[in-house]
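Results of the structural survey
Here is how the chains run, residue by residue.
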Amino acid sequence: MSERRVLLIVHTAREEATSLAARLATDLRSADIGVCVLESDRDDLVAAGIGEVGVIPAQEGAAHGCELAVVLGGDGTILRATEICRGTQTPVLGVNLGHVGFLAEADVDDLQAVVQGVVDRTYRVEERLTIEVTVSVGDEVVATNWALNEATVEKASRERMLELVVEIDDRPVSRWGCDGVVCATPTGSTAYNFSAGGPIVWPEVEALLMVPISAHALFARPLVVSPNSTLAIEVMGETTAGVLWCDGRRAAELPRGARVEVRRATTPARLARLHEAPFADRLVRKFDLPVAGWRGTAEQRRLGRRVEDV
């Protein structure tokens with residue numbers, strides 16, 4: 001196998017994704033780049049005609065030694081890829097086959113540009129802030145986890161609200177009867193945080209966000225705090241139990257009296273970019289925002305920048 005290796009992570013439940021993976025693998029091999037796939041995806045991809053590939057286990061850190069992980073799927077598949085690549089130097093490049101696909105860098109129509117960018121190594125790598133999560137009951141740590149987008153504390157029973165006390169940097173801030181709380185990164189501000197009414201934060205801004213979900217309280221506003229802050233959520237003892245979700249993929253039960261602490265992780269996520277498009281342009285494109293009538297500054301007009309360009 002070539003000294004250069006690229007990992008393909010594919011939403012194998014979608015026929016479009018497996019057929020594109022076969023095409024991509026053929027193009028990469030023709031450029032003398034080896035192709036690896038996850039062990040759990042191998043049978044589906046072989047059936048789709050992917051050809052000769054290496055196989056690695058579907059576990060955290062397994063991407064070690066791969067130059068890049070190219071993802072064919074939506075944001076959920078990209079989040080899966082960040083798990084496989086966590087703790088390695090392997091960046092993730094997403095090709096969107098989903099709906100909004102905020103984490104993706106390219107769309108299906110850009111597949112040839114993806115191949116060329118990989119072959120020529122013309123992509124750049126961004127490091128994105130991630131969070132680490134600790135769950136304790138009394139003095140005992142019962143669970144640890146991490147997230148790129150968000151960690152959410154949610155009610156386990158739809159019949160009852162959660163009673164939560166939230167804390168910032170060792171000081172209590174408020175008590176909420178609510179459906180839950182989202183603790184998000186700037187990258188995750190366009191995900192669950194956005195649906196819960198939180199602000200959109202540009203990815204290069206270093207901050208942590210805390211947003212209550214359907215809170216019955218006078219003070220129930222989104223909070224944006226320092227990236228060095230510690231967010232804490234305590235499940236009050238007389239209420240129903242809750243559940244912790246990290247990136248909507250990894251769950252832990254929260255018994256009465258549990259305490260969840262969220263802080264910046266020491267290991268960032270690495271995302272590969274092919275284009276230098278401003279984040280504002282990405283917002284307009286992904287959310288189909290109305291910008292008709294925009295003319296910009298005189299300098300922008302001189303450079304020929306039009307609303308259609310975004």
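Now for a look at the structure at hand. Only a predicted model underlies this, so the values are computations on that prediction, with no experimental measurement involved. (Residues numbered from 1 in each chain as written. Predicted model: local features only at pLDDT ≥ 70, side-chain atom pairs only at ≥ 80, totals over all residues. Heavy atoms only, no water.)

Across the sheet, which stays open at both edges, the 6 strands sit in the order β15-β14-β13-β10-β17-β18 with antiparallel pairing between neighbours. The open sheet has two edge strands, β15 (223–225) and β18 (250–254), and neither has a second partner. On average, adjacent strands in this sheet sit at an angle of 15° to one another, irrespective of strand direction. (Pairing = 2+ DSSP bridges. Helix = DSSP H or I, 4+ residues; strand = E, 2+ residues; numbered from the N terminus. Axes fitted to C-alpha atoms, helices over the stretch in contact; angles between N-to-C directions.)

Our focus in this paragraph is the environment of Glu-238. By the element assignment, Glu-238 lies in the loop between β16 (231–235) and β17 (242–246). Classification of Glu-238 by relative accessible area gives exposed; the value is 53%. Contact partners of Glu-238, with chain neighbours within four places excluded, come to Arg-160 and Arg-175. (Buried < 20%, exposed > 50% of the residue type's maximum accessible area, 1.4 Å probe, protein only. Contact = heavy atoms within 4.5 Å.)

The 6 strands are arranged β9-β8-β19-β16-β11-β12 in an open sheet whose pairing can be described as antiparallel. Among the strands making up the open sheet, the edge pair consists of β9 (140–147) and β12 (171–178). Each neighbouring strand pair of the sheet contributes to a mean axis angle of 20°, computed without reference to strand direction. With 7 bridges joining them, strand β8 (residues 131–137) and strand β19 (residues 258–264) adopt antiparallel strand pairing. Within β19, the position partnered with Glu-132 by the bridge is Arg-263.

What follows deals with the packing of aromatic side chains. One pass over the full model with this rule turns up 4 aromatic pairs. Residues Phe-102 and Phe-279 carry aromatic rings whose centres are separated by 6.1 Å and whose planes lie at 45° to one another, so their mutual orientation is tilted. Of this pair, Phe-102 sits in the loop between β5 (92–96) and β6 (106–107) while Phe-279 is found in helix α6 (residues 279–287), placing the two residues 177 residues apart along the sequence. We classify Phe-102 as buried; its relative accessible area is 7%. A relative accessible area of 13% places Phe-279 in the buried class. Relative to Phe-279, the ring of Trp-202 has its centre 4.8 Å away and its plane inclined at 70°; by these criteria the two rings are edge-to-face. In this pair, Trp-202 sits in the loop between α5 (192–195) and β14 (208–213) while Phe-279 sits in helix α6, placing the two residues 77 residues apart along the sequence. Members of the aromatic cluster, joined through ring pairs, are Phe-102, Phe-194, Trp-202, Phe-279 and Phe-287. Cation over ring: Arg-250 sits above Trp-146, and NZ or CZ is 4.7 Å from the ring centre. (Phe/Tyr/Trp six-rings, centres within 6.5 Å; stacked < 30°, edge-to-face > 60°. Lys NZ or Arg CZ within 6 Å of the ring centre and 35° of its normal.)

In this structure, Ser-214 takes a positive phi of about 50° despite not being glycine. Tracing the backbone through its elements, the reader meets Ser-214 in the loop between β14 and β15. Residue classification places Ser-214 among the partly exposed residues on the basis of a relative accessible area of 49%. Positive phi, normally seen in glycine, also occurs at Asp-247, with a value near 55°. Locating Asp-247 in the fold gives a position in the loop between β17 and β18.

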